[in-house]
Amino acid sequence: MLANETDLPIFNKLIKHKDFEYRISAYLTLIMTIFIGIPGNCAIIYILSRMKKNIFSYSMMRCLQLLAIFDLMATTGIAFKFLVKFLPFLTWFLLREGNWCHFRYAFTDAAYTGSGWCLVWVACERLVAVYVPLAYKSISNKRFTDKIMLIICSLVLIIATTQICCRPDPVQRDSYMHEGKVVTYIACLNTQSSLCLTIKASIRPFLYGFIPPVTILIINCFIFSRLLLRKKSGTYKVDSTQVMLMITPIVYAVLYFPKSYRLLKVESEKYWMSMLSYLNHCINIFLYIFTCQPMRKPILDILHL
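Conventions and cut-offs
Residues numbered from 1 in each chain as written. Predicted model: local features only at pLDDT ≥ 70, side-chain atom pairs only at ≥ 80, totals over all residues. Heavy atoms only, no water. Helix = DSSP H or I, 4+ residues; strand = E, 2+ residues; numbered from the N terminus. Buried < 20%, exposed > 50% of the residue type's maximum accessible area, 1.4 Å probe, protein only. Contact = heavy atoms within 4.5 Å. Areas by Shrake-Rupley, 256 points an atom, 1.4 Å probe, with all protein chains shown as cover. Salt bridge = Lys/Arg side-chain N within 4 Å of Asp/Glu carboxyl O. Core = buried A, V, L, I, M, F, W, Y, C linked by side-chain atoms within 4.5 Å. Axes fitted to C-alpha atoms, helices over the stretch in contact; angles between N-to-C directions. Parallel < 35°, antiparallel > 145°, perpendicular 65-115°, else oblique. Left-handed = near helix turned anticlockwise from the far one by under 90°. Nonpolar A, V, L, I, M, F, W, Y, C, P; charged D, E, K, R; others polar. Patch = residues over 30% accessible without salt bridge, like charges linked within 9 Å, V, L, I, M, F, W, Y side chains within 5 Å. pLDDT = per-residue confidence, 0-100. Phe/Tyr/Trp six-rings, centres within 6.5 Å; stacked < 30°, edge-to-face > 60°. Polar contact = N/O pair within 3.5 Å; in protein donor to acceptor, adjacent residues only side chain to side chain.

This brings us to the overall build of the protein chain. Helix and strand counts for the protein chain come out as 11 helices and 2 strands. Order of helices (α) and strands (β) in the protein chain, N terminus to C terminus: α-α-α-α-α-α-β-β-α-α-α-α-α. Relative to its 305 residues, the protein chain shows a buried fraction of 49%. Long-range contacts, defined here as pairs at least 24 residues apart, represent 74% of the contacts in the protein chain between residues at least 6 apart. For the protein chain, the exposed area adds up to about 15,500 Å²; of that, 69% sits on carbon and sulfur atoms.

Right under this line is the structure:
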């Protein structure tokens, strides 16, 4: 049995397992991240940097920019993960003192964590805006926003640091015979202490795989219950920017929840669950187009549509 088969290069894994589902999910993930996720998040960052300040509050503008940066990190890390496995000339990166394994886990997990907690921030701010509108200005100013950004970035740094520290000897180079040919592979090993295994198995999945989506769903239940009451009384109107700020976290929570369940149950990986979580970091540009009027025209102008 090969060490940590889940991390074998896709091509070699297909030779050994002939897993059609894995191959299709890998191709679709590459297309999704390279042609939609990376350019889409770059477009969002550019548009938000040039957008008028009165469209969103200061805190939401910074939050959406930070979210786009984390999503760009995630899509770049995901795309590079599969490109390295598909393109042999990129394997030099893996051969240099295990740099690839450190980079892969630290970079992508940090991005997942940052993205999830940015959307928790969006949901919490919407909750305050709906339930305590008079207090909304006090939590959307520069000082409070900078504190929230510092907390999220600190959490991201902690996740990245634990991934690096928990992989002291991450690379194994080996080979096996297949139809008379020698097939080589490079795998990221889990040579971890008991403390690192605890962080990996329990703390880390909760920080980015369970708490953010569950928190978002609970918060939005409260938000929609209050909005329904106000709609019946005719005292509250929702504009397109508010719709966008409510829909985006909900979509994240729904798409990520299947993978959250897998992380908590420690079940074998389901490729469609991973694809849904990857999709989370690619589709915000479409959510913004369909739900937010102020962002629709700038995005369509960039796309020349």
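Following the structure, the description resumes.
On inspection of all chains with the given rule, the structure shows 2 salt bridges. In this structure, Lys 142 engages Asp 146 in a salt bridge whose closest nitrogen and oxygen atoms are separated by 3.0 Å. You can see Lys 142 and its partner Asp 146 sitting in helix H6 (residues 142-165), 4 residues apart, about one turn around the helix. We classify Asp 146 as partly exposed; its relative accessible area is 31%. Of the charged contacts, one joins Lys 297 and Asp 301 as a salt bridge, the two residues approaching to 3.1 Å between their closest N and O atoms. With Lys 297 and Asp 301 both in helix H11 (residues 293-302) and 4 residues apart, this pair spans about one turn of that helix. Among the residues examined, Asp 301 registers a relative accessible area of 41% and is labelled partly exposed.

The subject of this paragraph is the nonpolar core. Counting residues in each nonpolar core, the largest one holds 60 residues, and the members touching the most others are Leu 48, Phe 56, Met 60, Leu 64, Met 244, Tyr 288 and Met 295. If you tally residues by element for this core, the top one is helix H4 (residues 99-131), at 12 residues. Excluding residues that lie within four positions of it along the chain, Met 295 makes contacts with Ile 47, Leu 48, Met 51, Phe 56, Met 244 and Tyr 288.

Mapped onto the fold, Pro 249 is located in helix H8 (residues 240-265). Judged by its relative accessible area of 1%, Pro 249 falls in the buried class. Dropping the residues within four chain positions of it, Pro 249 is found in contact with Leu 119, Val 122, Ala 123, Ile 216, Asn 220 and Met 244.

Our focus in this paragraph is the packing of helix H10 (residues 284-291) against H11. Relative to each other, H10 and H11 sit at 120°, their axes nearing to 6 Å. With respect to their mutual orientation, H10 and H11 come out oblique. Read as a crossing pair, H10 and H11 show a hand that is left-handed. Between H10 and H11, the residues in contact are Ile 285, Tyr 288, Ile 289, Phe 290 and Thr 291 and Gln 293, Met 295, Arg 296, Ile 299 and Leu 300, respectively. Among the residues making up the contact of H10 with H11, the classes are represented as 7 nonpolar, 2 polar and 1 charged.

Attention shifts here to a nonpolar patch on the surface. On the surface, Ile 24, Tyr 27, Leu 28, Ile 31, Ile 34, Phe 35, Ile 36, Phe 286 and Phe 290 cluster together into a nonpolar patch covering about 870 Å² of accessible area. For the nonpolar patch, the elements supplying multiple residues, two or more each, are helix H2 (20-50) and H10. Sorting elements by how many residues they give to the nonpolar patch places H2 first, with 7 residues. Positionally, Leu 28 belongs in helix H2. With a relative accessible area of 42%, Leu 28 lands in the partly exposed category.

A separate point is the confidence of the model for the protein chain. With 70% of its residues at a pLDDT of at least 70, the protein chain reaches an overall mean of 78. Across the protein chain, H10 holds the top mean pLDDT of 93, while helix H1 (residues 10-17) sits lowest at 41. Overall, residues 1-18 carries pLDDT values under 50, and its contacts beyond four positions in sequence, including any with other chains, amount to 48 contacts.

Glancing now at the packing of aromatic side chains. The final tally for this structure, using the stated rule, is 2 aromatic pairs. Both rings, one in Phe 82 and one in Tyr 278, keep their centres 6.3 Å apart while their planes meet at 80°; by these two values the pair is edge-to-face. Of this pair, Phe 82 sits in helix H3 (residues 58-86) while Tyr 278 is found in helix H9 (residues 271-280), placing the two residues 196 residues apart along the sequence. Note on accessibility: Phe 82 and Tyr 278 belong to one class, buried.

Moving on, we come to the environment of Met 295. Structurally, the position occupied by Met 295 is in helix H11. On the basis of relative accessibility, which here comes to 0%, the residue Met 295 falls in the buried class. Separated by 54 residues in the primary sequence, Met 295 and Thr 241 place their C-alpha atoms 8.7 Å from one another.

This next bit is on the side chain of Asp 71. Tracing the chain through its elements places Asp 71 in helix H3. Polar contacts involving the side chain of Asp 71 include one to the side chain of Asn 284, which spans 3.0 Å. Excluding its chain neighbours within four sequence positions, the residues that come into contact with Asp 71 are Asn 41, Ser 115, His 281 and Asn 284.

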